[in-house]
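# Report on the structure
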Amino acid sequence: MVPQRIKVHSLFPISVQLGKEKFHKSQHWGYCNKIAMLVGEDKPGIGGEPLHGQKLKPKYSVFPRGVGSDAPSWVAFDKQVLSFDAYFEEEVPEKNQELYRIRHCKIYFYLEDDTIQVVEPQVKNSGIPQGTIVRRHRIPLPPPNEDQFYTVDYFNINREVIFYARRYKIADCDQFTKHFLRKLGVRLNPPAYHPEDPYTRERQKMADNMKPLRPYERFDTLRQFLEHDGHVLRFYCMWDDTESTFGDPRELILHYFLADDTIEIKEVIPINSGRDAVPLFLNRRKLSKFAPAGLYQPGAITDRTVLNVFGGLVGNKGRYILDNRKTGTVHQEFYKDSDLTIGATINVWGRRVILCDCDEFTKEYYRTKYGIKDFSPIPFKAPPPPKIEKTFPPYTGFGSEEDSLCSCLSLLLKPPQKDFKKFMEKDRKGLESNLLRFLAKYITDNPIDKDRQFIISYFLSDDTISVFETPQRNTGILGGKFLERSRIKKPGQELFKSEMSEYFKAQDLFVGAKVCFHGHNFLLMDADEYAFNYMERHADEFPVADINLILNKLKAIGEPSSREIKQVFAAADPQHTKVIEYDSFRNLMVNITGGKLSEHEIMTIGRYYSVRDEIEMDINFLLAVAQEQLKKNSFENFRQLSATFVYNDREKCGLLPHEKCRTVCKSFRLPLADDLLRAILTM
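Per an unreviewed UniProt entry, the recorded name for the chain is EF-hand domain-containing family member C2, and the organism is Pelusios castaneus. Quoted verbatim from the Subcellular location (unreviewed entry) heading of the UniProt record, the comment on the chain is "Cytoplasm, Cytoskeleton, Cilium axoneme". Per UniProt, the comment on the chain under Function (unreviewed entry) is "Microtubule inner protein (MIP) part of the dynein-decorated doublet microtubules (DMTs) in cilia axoneme, which is required for motile cilia beating."

Right, here's the structure in full:
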């Protein structure tokens, strides 16, 4: 690092005699990084005496120590600039029209480094290169103090400053500058007079006396544009063209632009109408009420009317003035917003167009401005033609029905599309298997097949079914896969038909249901816990698991004999424990309903009102498992976790809700399973 101050080892005064005068020039030598160089012209001579012609600068500021900020100037005065309004007088010896010129400018004093910049505002058609007169830098004082620079102490209102032999008169300054100078203790002078440039004044007087070279009349349409820009009225119209050859009713849409009172019409072209799709029926323009009868030659209609005063009396020259009376003006009537109402007929260049309806914005506009409340539409659309129902040829028996149907939908054969969205939603995700499994048995009189048990699996992702037979000892029947996973058609359907066949859905499988798979009849006897839980969570899809629907059905069945039902249930509970076994409950429900409730519906009621045994869990065991998991995953952010709990405890009671604690733990991404975290927080 280069030191800011270096020690001077030797001083050599050199005397140079020029003519009769003798000047002493002090050269101070020192070493910086072991290199001899000239340093510090402000250092005194031997003994501390100032050298001949040397002016010592004060070591300390005029302000006492401790007043103000200790920050450096480039920090304390960053982006703070003093602005002064000034002018200077410049002689013009080469022109007779002006002897001198007054040029106004701005003087900017930058407080961070005492630099000065002079800028002259640009004047149009001045012919003078204007802009920055003096670039930003430190400006020295005029002789004989050219070794010093301008500071803020030299500036005040109604004072002159000299920058490089040019004298500037400071006339005024802005409010920030006045406030800053007052804080420094400067007494501000009153603002000076701003002299006006005589030549500029004469030029302005000549410009004011000049008349325009052409007649000028102003049409003020800016207000209408600013108020209604982007506001468009929309009408649904109809043009009856049935009188012409091959004509038919034409449906149109009229747009009225409130910004400039122009109209644009588009045509609604039906599909397969045989008409060319043109962009616009009528280009955007003002629409005359009497077109084409009111069609004029080019030049007959103008925005302004001009009169020739002299005619042909003075040669080929003429004197033209603007006709304010509009003597020869051709007046045209254009359609306005007041002429457009539902049921009105407008003339579109000889075509009679009926306004039949409008949009909501148009209705609100007319309701607000004109007080119209009746916007009953006029029926103008022809009734749609009867929709021809597509008929498909019957199934041929080759391939699947979906594949054969695709050959009838398009010329380019494509494979049948699968429901990919359903597959992604219902595919296996972690512990969510989306697989419904039922225990079934054969419906047969054969004593060998009566005891055979099957597991029917229904895959929700693609509506496929697979059947697996559980092996049993000493039956002589090998267990294993009984039916390959596939979609199964419902029995009793015609094979060769045009409609698609119906397949077994998830709603067709429930406990107590009888199903037939390819001629094999099964009775669903039971289901696993996941199937029961899934059907109860999606009760809107499975009516047999909807407890509200089942209770309403049970209420309608047992309401006439409610007293007898209470007596039957009381007799089944002689000990008055208010609890009975499921088998007894099931037999009572079958007797009461007379078989109107399925086995699955009875099981849904039993599950809903069942008494579940609460399993007692050891909190110490849970904490030990949680600590082991935290240790394995190197979780050590306990201090911040505790601080977050304390911060969320706004009432300082030492307790937080269960969900709030779980949210805080989830925000720290605790490496614990969700069921373990819930069990700990619950206990």
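Structure's up, so let's keep going.
Next up on the list: the sheet that holds strand β19 (residues 453-459). Strand order in the open sheet made by the six strands is β21-β20-β19-β18-β23-β22, with antiparallel pairing throughout. Either end of the sheet is taken by a strand with one partner, and the two such strands are β21 (480-486) and β22 (514-517). Looking at each pair of strands side by side, their axes are set apart by 30° on average, direction ignored. By the bridge criterion, six bridges tie β19 to strand β20 (residues 464-469) in an arrangement that is antiparallel. Looking at the pairing, F454 lines up with E469 of β20. Its contacts with the sheet place helix α9 (residues 529-537) against β18 (435-442) and β23 (520-527), and it is angled at close to 120° to β18.

Orientation of helix α12 (residues 582-593) relative to helix α13 (residues 599-608), taken along the N-to-C sense of each, is 130°, at an axis distance of 11 Å. In terms of their interaxial angle, α12 and α13 are classed as oblique. Handedness of the α12/α13 crossing: right-handed. Facing α12, whose interface residues are Y582, F585, R586, M589 and V590, α13 presents E599, I602, M603, I605 and G606. A per-class count over the contact of α12 with α13 returns seven nonpolar, one polar and two charged.

The next thing to look at is the sheet that holds strand β7 (residues 131-137). In spatial order, the strands read β7-β6-β5-β4-β9-β8; together these six strands make up an open sheet with antiparallel pairing. In the strand order of this sheet, the two ends are held by β7 and β8 (159-163), each with one partner. Each strand axis lies, on average, 30° off the axis of its neighbour in the sheet, ignoring direction. Along the sheet face, helix α2 (residues 175-183) touches β4 (81-91) and β9 (166-173) and points at about 110° away from the line of β4.

With that settled, consider α13. Most of α13 is tucked away, with eight of its ten residues classed as buried. What α13 keeps buried is the set H600, E601, I602, M603, T604, I605, G606 and R607. Looking at the buried side of α13, the elements it contacts are β23, α9, α10 (547-558) and α12.

Here we come to the nonpolar core. As a rule of thumb, nonpolar side chains are buried together in soluble globular proteins. Counting 32 residues, the largest nonpolar core has L436, I456, I465, L509, F517 and F522 as its most contacted members. Residue assignment for this core shows that the elements contributing at least two residues are β18, β19, β20, β22, β23 and α9. If one sorts the elements of this core by residue count, α9 sits on top with five residues. Core analysis: the second largest hydrophobic core is formed by 25 residues, V134, I157, F180 and L181 among them.

Attention now moves to the pairing of strand β11 (residues 249-257). As defined by bridge partners, strand β10 (residues 232-240) adjoins β11 across nine bridges and the pair is classed as antiparallel. Looking across to β11, one finds that Y236 is bridged to I253. Bridging between β11 and strand β12 (residues 262-268) involves seven bridges; their strand directions are antiparallel. Bridging across to β12, Y256 finds its partner in I263. The antiparallel pairing of β11 with β12 creates a hairpin that spans four residues between the two strands, and D261 there sits at a positive phi of about 60°.

Here we take up α12. Along its twelve residues, α12 runs 16 Å from first to last C-alpha, staying within 8% of the 16 Å computed at 1.5 Å per residue. The secondary structure elements touched by the buried residues of α12 are α10, α11 (562-572) and α13. G594 sits one or two positions beyond α12 and adopts a positive phi of about 70°.

Below, the discussion takes up the pattern of salt bridges. Tallied over the entire structure, the rule returns 42 salt bridges. A salt bridge links E402 to R487, with the shortest nitrogen-to-oxygen separation between them at 3.2 Å. With E402 in helix α6 (residues 401-409) and R487 in the loop between β21 and β22, this pair connects stretches of sequence that are 85 residues apart. Given the relative accessible area of 22%, E402 is considered partly exposed. Accessibility expressed as a relative area gives 37% for R487, which makes it partly exposed.

With that settled, consider the environment of L670. Mapped onto the elements of the fold, L670 is located in the loop between α16 (658-667) and α17 (674-682). Measuring from C-alpha to C-alpha, the distance between L670 and Q629 comes to 9.4 Å, with 41 residues separating the pair along the chain. In contact with L670, not counting residues within four places along its chain, are L630, F635, L641 and C665.

This brings us to the packing of α16 against α17. Packing of α16 against α17 brings their axes to within 10 Å, and their N-to-C directions diverge by 140°. Judged by the inter-axis angle, α16 sits oblique to α17. Crossing angle aside, the handedness with which α16 passes α17 is right-handed. Residues H658, E659, C661, R662, C665 and K666 of α16 touch α17, and the partners they reach there are D674, L677, R678, L681 and T682. Looking at the contact of α16 with α17, its residues break down into four nonpolar, two polar and five charged.

This paragraph deals with the environment of E628. Among the structural elements, E628 can be located in helix α14 (residues 619-632). Given the relative accessible area of 39%, E628 is considered partly exposed. Sequence-wise, E628 and L672 are 44 residues apart; in three dimensions their C-alpha atoms are separated by 9.9 Å.

The omega torsion of the bond from P143 to P144 falls at 5°, within 30 degrees of zero and hence cis. Summarising the element assignment, P144 is placed in the loop between β7 and β8. At N434, a residue that is not glycine, the phi angle is positive and equals roughly 50°. Inspection of the secondary structure assignment puts N434 in the loop between α7 (420-426) and β18. On the basis of relative accessible area, N434 is assigned to the buried category, the value being 7%. Notably, S634 is not glycine yet its phi reads approximately 55°, a positive angle. Assessed through its relative accessible area of 56%, S634 is described here as exposed.

What counts, and at which threshold
Position numbers for residues count from 1 along each chain, tracking the sequence in the order it is written. Note on the predicted model: pLDDT of at least 70 is required for a residue's local features to be given, and 80 or more for side-chain atom pairs to be given and counted; whole-chain, interface and lining totals, by contrast, use all residues. To obtain the side-chain values, all non-hydrogen atoms of the structure were included, while hydrogens and water were left out. UniProt positions are given in the numbering used here, feature names are shortened, and annotations may be inferred rather than shown by experiment. Here, strands pair whenever DSSP counts at least two bridges between them. Strands here are runs of E lasting at least two residues and helices are runs of H or I lasting at least four, both read from the DSSP assignment and numbered beginning at the N terminus. Only the contacting stretch of a helix is used when fitting its axis, a line to C-alpha atoms as for every element, and angles between N-to-C directions run 0 to 180 degrees. Should any heavy atoms of two residues lie within 4.5 Å, those residues are counted as being in contact. Working rule for angles: under 35 degrees goes down as roughly parallel, over 145 as roughly antiparallel, 65 to 115 as roughly perpendicular, anything else as oblique. Note on convention: the crossing is left-handed when the near helix lies turned anticlockwise from the far helix by less than a right angle, right-handed when the turn is clockwise. When residues are grouped by polarity, Ala, Val, Leu, Ile, Met, Phe, Trp, Tyr, Cys and Pro land in nonpolar, Asp, Glu, Lys and Arg in charged, and all others, Gly among them, in polar. Think of it in three bands: residues with accessible area under 20% of the maximum for their type are buried, residues over 50% are exposed, and the middle band is partly exposed, with areas taken using a 1.4 Å probe on protein chains only. To qualify as a nonpolar core, a set must consist of buried Ala, Val, Leu, Ile, Met, Phe, Trp, Tyr and Cys residues joined through side-chain atoms within 4.5 Å. Expected helix span is taken as 1.5 Å per residue step, with the number of steps being one fewer than the number of residues. The salt bridge criterion pairs a side-chain nitrogen of Lys or Arg with a carboxyl oxygen of Asp or Glu, the two atoms within 4 Å.

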